[in-house]
Amino acid sequence: MANLSEEILVTIFNLQKQLFYVINEATATDYNLVEQYSETAETLPELEELSNIRERARDAYTRLFRLSLNIAETQPAIDRSKLELLYRAIEQADLTVDALEISIQEIKNNWDLS
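Below or above, wherever it landed, is the structure these notes cover. The numbering scheme is per chain: residues are counted from 1 as the chain's sequence reads. Local features in this predicted model are restricted to residues whose pLDDT is 70 or higher, and side-chain atom pairs enter the listing and the counts only when it is 80 or higher, whereas totals over whole chains, interfaces and linings include all residues. Excluding hydrogens and water, the side-chain figures rest on all heavy atoms present in the structure.

Quick look at the pattern of salt bridges
Here's step 1: Each reported salt bridge corresponds to a side-chain nitrogen of Lys or Arg within 4 Å of a carboxyl oxygen of Asp or Glu. Using the criterion set out here, one finds 3 salt bridges in the structure.
Here's step 2: Where glutamate 25 meets lysine 108, a salt bridge forms, and the shortest distance between an N and an O atom there is 2.5 Å. Highlighted residues: glutamate 25 in helix 1 (residues 6-37) and lysine 108 in helix 3 (residues 80-110), separated in sequence by 83 residues.
Here's step 3: The buried label goes to any residue with under 20% of its type's maximum accessible area, the exposed label to any with over 50%, and the partly exposed label to all in between, with areas taken from a 1.4 Å probe on protein chains only. Residue lysine 108 is classed as buried on the basis of its relative accessible area of 10%. Runs of E in the DSSP output that reach at least two residues are strands. Runs of H or I that reach at least four are helices, and both are numbered from the N terminus.

Here it is as structure tokens:
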């Protein structure tokens, strides 16, 4: 049967949770930036960066979801190439989450947002 180990499933779900929080925090930061400073030439680069952060997090989240769902629907065994794609997606998502969290924090610090 096509199954993923408990460790891999926990890793996927934890990454999806982190990506959810990144999307949520980027959206909240975008909102707070516009509320406090308006959409101006000065804030536009950060607003675009926040939009890019949400898109990158959404893409990583969706990739993990689709690959794991595809594997769950695969029987009787997991195709090696699908498994390799999933491992790459996990690795990329892990690296992406950290970078995106740092980028959001930098924007918040630059604009004195809480």
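Still more ground to cover, so stick around.
A closer look at the packing of aromatic side chains
Here's step 1: Pairs were defined over the aromatic rings of Phe, Tyr and Trp, the Trp ring being its six-membered one, requiring ring centres within 6.5 Å. Orientation was assigned from the angle between planes: stacked under 30 degrees, edge-to-face over 60, tilted for the rest. Throughout the structure, instances matching the rule amount to 2 aromatic pairs.
Here's step 2: Residues phenylalanine 20 and tyrosine 21 carry aromatic rings whose centres are separated by 5.6 Å and whose planes lie at 75° to one another, so their mutual orientation is edge-to-face.

Looking at the environment of lysine 17
Here's step 1: Following the sequence through the fold, lysine 17 ends up in helix 1.
Here's step 2: Relative accessible area serves as the criterion here: at 48%, lysine 17 is assigned to the partly exposed category.
Here's step 3: Note: C-alpha distance between lysine 17 and tyrosine 61 (44 residues apart in sequence) is 8.8 Å.

Some points on the packing of helix 2 (residues 44-72) against helix 3
Here's step 1: Interaxial angle, 0 to 180 degrees, is taken between N-to-C directions of lines fitted to C-alpha atoms, where a helix line uses only the stretch in contact. Contact geometry for helix 2 and helix 3: axes closest at 9 Å, N-to-C directions at 155°. When the interaxial angle is binned, helix 2 and helix 3 end up roughly antiparallel. You can see that helix 2 and helix 3 cross each other, and the crossing is left-handed.
Here's step 2: Under the scheme applied, nonpolar residues are Ala, Val, Leu, Ile, Met, Phe, Trp, Tyr, Cys and Pro; charged residues are Asp, Glu, Lys and Arg; polar residues are all the others, including Gly. Of the residues assigned to the contact of helix 2 with helix 3, the class counts are 16 nonpolar, 5 polar and 5 charged. For this classification, under 35 degrees means roughly parallel, over 145 means roughly antiparallel, 65 to 115 means roughly perpendicular, and everything else is oblique. Crossing handedness: left-handed means the near helix sits turned counterclockwise from the far one by under a right angle, and right-handed means the same turn made clockwise.

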